[in-house]
Amino acid sequence: MDRLTRGGFDILLLAVSTAIAAGAWFVVSERQSFEFLFLAVIASAFAVLPQRRALIQATYVVILGGAIAVHSAIDAGDGSAGRELARWTVLTGTVIVVGFVLQRMARSLHRRTVVAEAVAELGQQALRATEPDDLLERALRVAVDLLDTDYGTALRQLPDGRVRVAAELGPDAMPAGTILKLARSGSYALHILNSGQPLASSDLRHDSRITAPGPLLERGVVSGVAAPVPGADGALGVLAVHSRRRRTFTEAEVAVVQTLANVVATAWEQAANREQLHHQSLHDPLTGLPNRGLFLDRLKQALVRRERWDARSMDNVTVMLLDLDGFKSVNDTYGHAAGDEVLRAVAHRFAAVIRPEDTVARFGGDEFAVLCGQVPDETMAITLGQRILTAAAAPLVTPWATVTVGASLGITMVEWSARREVTIEALLAEADAALYRAKERGRGRLEVFNEDVKAQAQAQLDLESELRHAIDNDELTLHYQPIRSTSDQHLLGVEALVRWNHPERGMLSPDHFLPLAERTGLIVPLGEWVLRTACDEIAHWQRREPRPPGEAVHVAVNVSARQLEDPSLPQQIRSILNEAAIVDGTLVLELTETALLDGGDEALSSLTQLRAAGAQLSLDDFGTGYSSLVHLARFPISTLKIDRSFVAGLGHDHKSAAIVSAVIALGNQLDVHVIAEGVETSHQLATLRRMNCYAVQGFLLDEPHPLPPL
């Protein structure tokens, strides 16, 4: 009931009480009936009016009723006036006490209900509130209304320890964002924040627990109750209500403020969690740099600004893509923890050397991107790019070692005045083409996208499209190079080597298209075709020229790192072997050390499954990778090939000879067959025979041929 309604009801009760008294005065015989009406008036007062007004109404009724009782006793002449007055006093007093108690109970129950409903509603809003300040004001309004105070205040502690006003309701309210000048010791707000406990004070001016809060006292505040807004690592702020009249706050009222403070805490923490999740969704967790999504969004905005043709902004759009050079060797040599340390360090360097208006992002792995605005010309773009390359090339001190990595960088630039349509995809493709040219020309350098780069990129795209069709159009073929016994050169097996019979360019060797297949992922379907074709043909040869199982000709097929990453590869091998029905153990998969290193523990699991599927495993180009001896001990390798660079040194390089001899001796000790590839001279063959090498392969004995030399 609002104040206007209560005021009208108050006047009505006074009028009714006066009317009842007038009736009882003249109709004495109905005095008991009038007493009942008086008691009903008292009950109605306590049921509707506040305690103070209800007591005024009750006192008025008691006086009127007492006067009527005395008047009736005098008229009766029996000397019972005293007894009647006492009886009336006891009767009305009992009704007043009961009404007072019931009213207190009803008010307490009502307050609890209102608090529960408000907290439930605010709690639901806190969980989904996108603007916690709106909920904060509603919580303050609930606190002020329930506790009938003049002010409601919410304070927020900043990371640097300062305290600001988050919201305030009341006369002369301080604006949100106001930084409070707090007392150095005994501050009211800091007392709540540091103790983490609520504080209720009936007289803030003389409370010994705190220093008198000047901003509140200046506005006439006398009493107040404040509660901490709890957080996971301490109080986040303070929620308080204050009154200009002196009053004592009950435990229930303190609990109301603390409950509302808890709701505010939920809203603040939910907002912080959403902000953190939003930040994580747009930033790389390892380096803290913007991720691909945020970079693309900023690039999109830059292109939108460019489309406005605002000559005053000179907002050229410059995109750089870069890869780290030598990063893989850090991972291979020192492990992924060292690699992560290097990525964090170079990311910090990149962020330090770019301009404030630029964006550097991590796309993934060791690939980064830079977006630059307001670059007037290509010279400035190159200067900025060179600054990044210099930062990448400086030595990095890690807990493992001091390492040096460089970077290759590709730049594309579209000027604000250039009347050409550009898209995000096109710019990234141009920068990637320039990056590829930088790597191709020796790494550690930058290239700017131009017509030459564009032509090369287009040629690569055309070649990629043609290669896709080549797989479907039976343009691929296999050549086979024999692997022979070193002692008597009898045939042990063949290595399958893919060729592309290009309809216009003729027969292409793997060097012309395998790197492209690796980059584009076409190596996976191409590798499956090689495996299936080689097994079908070797099965045909084995049936045509049968040999004892232990002497059957084997076929070696190269498997790339991309293929090894495919979890379906073991099942694919098993299916191919079952369909081809070649002699058990005659399919050999040749793997590079790089493929093994890139795969880690997953590679070990995959190789174990490949062995179980029926394939033998060979380590190709042995001696040119990292941790070769570790591979022999860790992986189920049955054959290794000495790299041709060591074989080429036989006869004139004693170091190469020593390495080849040591590898052969090691293989014999480990029961691993050693094959020397790249044998091109009789002297090399004779030297390998003296070293007791198991097998040889090279142009001295055979060149790759479409048919096996059976």
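Quick caveat: nothing in here was measured; it's all calculated off a predicted structure.

Enquirer: Quick one: what's the story with the sheet that holds strand β7 (residues 359-364), residue by residue and with numbers?
Expert: Think of a sheet as strands paired side by side through backbone hydrogen bonds, with each pair either parallel or antiparallel. Ordered by their spatial adjacency, 5 strands build an open sheet running β7-β8-β6-β11-β12, and the pairing between neighbours is mixed. Looking along the sheet, the strands with just one partner apiece sit at the ends: β7 and β12 (446-448). Across the sheet, the axes of successive neighbouring strands diverge by a mean angle of 20 degrees, strand direction being ignored. Summarising the sheet, strand β11 (residues 406-414) and β12 pair through 3 bridges and their orientation is parallel. When the sheet's bridge partners are listed, G410 is paired in β12 with E447. Its contacts with the sheet place helix α13 (residues 424-440) against β6 (317-325), β7, β11 and β12, and it is angled at close to 140 degrees to β11.

Enquirer: Provide a residue-level description of the sheet that holds strand β2 (residues 163-169), including the pertinent values.
Expert: Strand order in the open sheet made by the 5 strands is β2-β1-β5-β4-β3, with antiparallel pairing throughout. Strand pairing shows two members of the sheet lacking a second neighbour, β2 and β3 (199-201), which therefore form its edges. The sheet shows a mean angle of 15 degrees between the axes of neighbouring strands, direction not considered. Against the sheet, helix α6 (residues 188-195) touches β1 (151-157), β2, β3, β4 (223-229) and β5 (237-243), its axis set at about 40 degrees to β4. On top of the sheet, helix α8 (residues 251-282) reaches β1, β2, β3, β4 and β5; it is set at about 35 degrees to β4, its chief contact.

Enquirer: Describe the side chain of R484, and please don't skip the residues or the numbers.
Expert: Residue placement: R484 occurs in strand β13 (residues 476-485). A distance of 2.6 Å separates the side chain of R484 from the side chain of D702, its partner in a polar contact.

Enquirer: Talk me through the packing of helix α16 (residues 523-544) against helix α18 (residues 569-580); I want residue IDs and the actual numbers.
Expert: Where α16 contacts α18, the axes come no closer than 9 Å and their chain directions differ by 30 degrees. In terms of orientation, α16 and α18 fall into the roughly parallel class. Here α16 and α18 pass one another in a crossing that is right-handed. Counting all contacts with α16, which are made through E528, L531, R532, C535, D536, A539 and R543, the residues of α18 involved are L569, Q572, I573, I576, L577, E579 and A580.

Enquirer: Please provide a residue-by-residue account of the pattern of salt bridges, values included.
Expert: A full pass over the atoms with the stated rule returns 19 salt bridges. Where R344 meets E341, a salt bridge forms, and the shortest distance between an N and an O atom there is 3.3 Å. Of this pair, R344 and E341 are both found in helix α11 (residues 336-353), 3 residues apart, which corresponds to roughly one turn of the helix. In this structure R344 comes out as partly exposed when scored by relative accessible area, which is 35%. Connected through shared salt-bridge partners, D203, R205 and R246 make up one network.

Enquirer: Summarise α11; cite the residues concerned and give the values.
Expert: For α11, which comprises 18 residues, the first-to-last C-alpha distance of 26 Å matches the rise-based estimate of 26 Å (1.5 Å per residue) to within 8%. Turning to α11, its buried residues number three or more, namely A338, G339, V342, L343, V346, A347 and F350.

Enquirer: Kindly report on the side chain of D620, identifying the contributing residues and their values.
Expert: In this structure, D620 sits in strand β18 (residues 616-622). The buried charged residue D620 lacks any salt bridge partner; its closest oppositely charged side chain belongs to K641, at an N-O distance of 4.9 Å. The residues touching D620, leaving out its near neighbours within four places in the chain, are N558, E590, L591, T592, E593, K641 and E677.

Enquirer: Please set out the pairing of β7 residue by residue, giving values where relevant.
Expert: For β7, the buried fraction is high: 5 of the 6 residues fall into the buried class. Here β7 pairs with strand β8 (residues 367-373) via 5 bridges, running antiparallel. In the strand pairing of β8, V360 is matched with V370. Connecting β7 to the next strand, β8, in antiparallel fashion are 2 residues, including G365 with a positive phi near 60 degrees.

Enquirer: Pulling in residues and values, what's your account of the nonpolar core?
Expert: I573 and L587 are the most contacted members of the largest nonpolar core, which totals 66 residues. Considering every element that reaches this core, the biggest residue donor is α16, with 9 residues. Those residues in contact with I573 that sit more than four places away from it in its chain are L531, L587, L589, L610, A613 and A615. Within the second largest apolar cluster, 32 residues are counted, among which are V360, C372, L389 and I411.

Cut-offs used in this document
Residues numbered from 1 in each chain as written. Predicted model: local features only at pLDDT ≥ 70, side-chain atom pairs only at ≥ 80, totals over all residues. Heavy atoms only, no water. Pairing = 2+ DSSP bridges. Helix = DSSP H or I, 4+ residues; strand = E, 2+ residues; numbered from the N terminus. Axes fitted to C-alpha atoms, helices over the stretch in contact; angles between N-to-C directions. Contact = heavy atoms within 4.5 Å. Polar contact = N/O pair within 3.5 Å; in protein donor to acceptor, adjacent residues only side chain to side chain. Parallel < 35°, antiparallel > 145°, perpendicular 65-115°, else oblique. Left-handed = near helix turned anticlockwise from the far one by under 90°. Salt bridge = Lys/Arg side-chain N within 4 Å of Asp/Glu carboxyl O. Buried < 20%, exposed > 50% of the residue type's maximum accessible area, 1.4 Å probe, protein only. Expected span 1.5 Å × (residues − 1). Lys, Arg positive; Asp, Glu negative; His and termini not counted. Core = buried A, V, L, I, M, F, W, Y, C linked by side-chain atoms within 4.5 Å.

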